Amino acid sequence: MAEKKKRDHFGSKIGIIAAAVGSAVGLGNIYRFPCMAGENGGGAFLIVYIGIVLALGLPMMVSEFVIGRRSQRNPVGAFKTLASGAKGWPLIGYMGVLCGFLILTFYTTVAGWTIESVYKSIINYYQGKNLAEIEQGFNDSINMTFRPLLWQAVFIFISAFVIVKGIEKGIEKYSKILMPTLTVILIILCVKSLMLPGAFEGMKFLFKPDFSKIDGHVLISALGQVFFSMSLGMGALITYGSYISKKDNLVTTSLMVGLSDTFVAILAGIIIFPAAFSFGIRPEAGPSLAFNTLPLIFNQMKGGYFFCLIFFILLVIAAWTSALSLFEVIVSYLTEELKLSRRKATIYSSVGAFIISILAAMSLHNDSSLTIFGFTVFDGLDKITSMVLMTLGGLFTVIFLGWKVKKQDFEDEFTNGGIVNMRLKKIFYFIIKYLAPVAIAVIMVSQFII
Ligand code: PFF
């Protein structure tokens, strides 16, 4: 008989929150959210975003936690267990593991840039350079063959270092140190940014709702952002849910995680826009703002060396704790379903992610012909995961919980056996069974039409 090993669990409520917020708060919050908010009507986007977080994001987060904790398994095992032998459902879990792996491959590339930027900040590289020079330096770095790979490898190594230690002594312990650090850095940078002359213009840009900008495109962008930002639809939170103690309240946990995630995204906007406006820089989208414009701005401020350095440390921490959850999806699958040791599972997933991430990194070279579906491998992986795998995963997850899992199982987990959340039970179940599947399906389809 195979010996049943006791599963590792989170040791404390604060540990769960730190780890789950760590998963959710990542590169998606710190540069993607502010840019999307800026492009899509500022405050109006924010209102739509918060609406989707409350109406769909939170119920979906609860769903993943319910499935994970009920089954006590990794995403593949979870669907196998709760589908009681019905074929097909575990495919959602396999899709999640694949999605986690694919996200890792391009996420580690960007994470590598954040470490490179920490290094550049330490050696005071940005001092005295203008925007064109900083941009040129960034492009040169990306175009190098080994250097980006070295930083990627360092990032994967520090992630693997935590993962191999397990849940309580690894993910939880490190998240409990890293997340408060991240919060302190965020607050320092917000205060600094708000004190700049002209900061108010930036705040207006971020918060003043321009309702005329709300259209189908804004809705879709907001939904995609909610999925990515809250780490939904690919089993990360099923996995974390499976390590949550039976005593913890899944609804309040989700509420804290979801709201913290949204709050951090807003704080990131409060750092970026006032700073950009104060220096007369129009906020443009994507990596350039975080990796080039901000160092330029910081280095024109008093104490800029320090602020620039802590900003990039913030990005590393955000990326690191998110990557842990991506790794954990794969590692939990390999250890539980394929019976590998945790050490082997960590090594295989790290080496595998590194090899594919080489393609992602190289595809960004100016002379590269590495493409999929007409995109660079880097962009292609990003699009396949966020537009197809995560949304499909999310859709099938709520359908599974609403229509396949026994209602009693849902209720037991949701209410901790009838003790908590009794009044919310009906409304959440309604959302999970009807509203969420329809809303996600409609938005998914229109995503392709647009
Ligand atoms: N939520 C992370 C971010 O906002 O950067 C990205 C992410 C992490 C997505 C973990 C999915 C996941 F499972």
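Residues numbered from 1 in each chain as written. Predicted model: local features only at pLDDT ≥ 70, side-chain atom pairs only at ≥ 80, totals over all residues. Heavy atoms only, no water.

Section: the packing of helix H8 (residues 167-194) against helix H14 (residues 304-336)
To keep things clear, this is the line we draw: Axes here refer to lines fitted to C-alpha atoms; in helices the fit is confined to the stretch in contact. Angles between the N-to-C directions go from 0 to 180 degrees. Starting at the N terminus, helices and strands are each numbered in turn, a helix being any DSSP run of H or I of at least four residues and a strand any DSSP run of E of at least two. Note that the term roughly parallel is reserved for angles under 35 degrees, roughly antiparallel for angles over 145, roughly perpendicular for angles of 65 to 115, and oblique for everything else. Note on convention: the crossing is left-handed when the near helix lies turned anticlockwise from the far helix by less than a right angle, right-handed when the turn is clockwise. Working rule for contacts: check all heavy atoms of both residues, and any pair within 4.5 Å makes them a contact. The classification used treats Ala, Val, Leu, Ile, Met, Phe, Trp, Tyr, Cys and Pro as nonpolar, Asp, Glu, Lys and Arg as charged, and all other residues, Gly among them, as polar.
Orientation of H8 relative to H14, taken along the N-to-C sense of each, is 150°, at an axis distance of 9 Å. By the angle between their directions, the pair H8 and H14 is classed as roughly antiparallel. The chirality of how H8 crosses H14 is left-handed. The segment H8 lies against H14, with Ile167, Ile171, Ser175, Leu178, Met179, Thr181, Leu182, Ile185, Leu186, Ile188, Leu189 and Lys192 engaging Phe307, Ile310, Phe311, Ile313, Leu314, Ile317, Ala318, Trp320, Thr321, Leu324 and Glu328. Looking at side-chain class alone, the contact of H8 with H14 contains 18 nonpolar, three polar and two charged residues.

Observations regarding helix H9 (residues 199-207)
Filter applied, for reference: Think of it in three bands: residues with accessible area under 20% of the maximum for their type are buried, residues over 50% are exposed, and the middle band is partly exposed, with areas taken using a 1.4 Å probe on protein chains only. Note that the arc is defined by the directions from the helix axis to the C-beta atoms.
For H9, the set of buried residues is Ala199, Gly202, Met203, Phe205 and Leu206. Projected onto a plane normal to the axis of H9, the buried residues spread over an arc of 160° and lie on a single side. Where the residues of H9 are buried, they touch helix H2 (27-39), helix H3 (43-71), H8 and helix H12 (250-278).

A few points about a nonpolar patch on the surface
Selection rule: Residues qualify for a patch when their relative accessible area is over 30% and they have no salt bridge, like charges being joined within 9 Å and the nonpolar side chains of Val, Leu, Ile, Met, Phe, Trp and Tyr within 5 Å. All accessible-area figures derive from a Shrake-Rupley calculation using a 1.4 Å probe, and residue coverage is judged against the displayed protein chains alone. A pairing counts as a salt bridge when a side-chain nitrogen of Lys or Arg comes within 4 Å of a carboxyl oxygen of Asp or Glu.
On the surface, a nonpolar cluster with roughly 620 Å² of combined accessible area is contributed by Tyr119, Ile122, Ile123, Val184, Ile188, Tyr305 and Phe306. Using a relative accessible area of 32% as the deciding quantity, one classes Ile188 as partly exposed.

Points about the site of the ligand
To keep it simple, the criterion reads: We call a residue near a molecule or strand whenever a single non-hydrogen atom of that residue lies within 4 Å of it. Two N or O atoms form a polar contact when they lie within 3.5 Å of each other; inside protein one atom must be a possible hydrogen donor and the other a possible acceptor, and for residues adjacent in sequence the pair counts only when both atoms belong to side chains.
The ligand sits among 16 residues. The nearest are Ala24, Gly28, Tyr107, Phe228 and Met234. Take Ser229: an N or O atom from its main chain is 3.1 Å from a nitrogen atom of the ligand. Contact with the protein chains removes 100% of the 340 Å² of surface that the ligand exposes when unbound. Listing elements by their share of the shell around the ligand, those giving two or more residues are helix H1 (13-24), H2, helix H10 (216-229) and H14. Its residues assigned to classes, the shell around the ligand shows eight nonpolar, eight polar and no charged.

With respect to the environment of Ile297
Secondary-structure assignment places Ile297 in helix H13 (residues 287-298). In the structure, Ile297 is positioned 16 residues away from Ile281 in sequence and 9.0 Å away in space, judged by C-alpha atoms. Once residues within four sequence positions are removed from consideration, Ile297 is found in contact with Ala275, Ala276, Phe279 and Ile281.

With respect to unusual backbone geometry
Phi angles above zero are rare outside glycine, and Ser84 is one such case at about 40°. The phi angle at Ser231 is positive, at roughly 60°, despite the residue not being glycine. Relative to the elements of secondary structure, Ser231 occurs in the loop between H10 and helix H11 (236-241). Taking the relative accessible area as the measure of exposure, Ser231 reaches 9% and is therefore buried.

Some points on the pattern of salt bridges
Inspection of every chain in the model, using the stated rule, returns 15 salt bridges. Among the salt bridges present, the one from Lys246 reaches Glu413, with a minimum N-O distance of 2.8 Å. Separated by 167 residues along the polypeptide, Lys246 in the loop between H11 and H12 and Glu413 in helix H17 (residues 407-414) bring together distant segments of the chain. Taking relative accessible area as the criterion, Glu413 reaches 2% and is therefore assigned buried. Salt-bridge contacts for Glu411 lead to Lys425; the nearest nitrogen and oxygen are separated by 3.9 Å. Placement of Glu411 in helix H17 and of Lys425 in helix H18 (residues 422-449) is noted, with a sequence separation of 14 residues between them. Connected via shared salt-bridge partners are Arg69, Arg70, Lys246, Asp409, Asp412 and Glu413.

Observations concerning the nonpolar core
Quick note on the threshold: Nonpolar cores were defined as sets of buried Ala, Val, Leu, Ile, Met, Phe, Trp, Tyr and Cys residues, with membership established by side-chain atoms within 4.5 Å.
Of all hydrophobic cores here, the largest spans 157 residues; its most connected members are Leu189, Tyr240, Phe291 and Phe311. With 22 residues, the top contributor of residues to this core is H14. If we ignore the near neighbours within four places in the chain, the residues touching Phe291 are Tyr31, Val110, Trp113, Thr114, Ser117, Tyr126, Ile134, Phe138, Phe312 and Leu315.

So, the side chain of Thr109
Positionally, Thr109 belongs in helix H5 (residues 90-122). Not counting residues up to four positions away in its chain, the partners in contact with Thr109 are Gln152, Ser357, Ala360, Ala361, Leu364 and Phe378.

So, the packing of H3 against helix H4 (residues 75-82)
Where H3 meets H4, the closest approach of the two axes is 9 Å, and the angle between their N-to-C directions is 75°. By the angle between their axes, H3 is roughly perpendicular relative to H4. Across the interface between the two elements, Ile67, Arg70 and Ser71 of H3 pack against Ala78, Thr81 and Leu82 of H4. Of the residues assigned to the contact of H3 with H4, the class counts are three nonpolar, two polar and one charged.

Things to note about the side chain of Asn421
Take Asn421: it is sitting in the loop between H17 and H18. Assessed through its relative accessible area of 15%, Asn421 is described here as buried. In terms of polar contacts, Asn421 uses its side chain to reach the backbone carbonyl oxygen of Phe414, at 3.1 Å. Each residue touching Asn421, except ones within four places of it in the same chain, is listed here: Asn249, Val251, Phe414 and Thr415.

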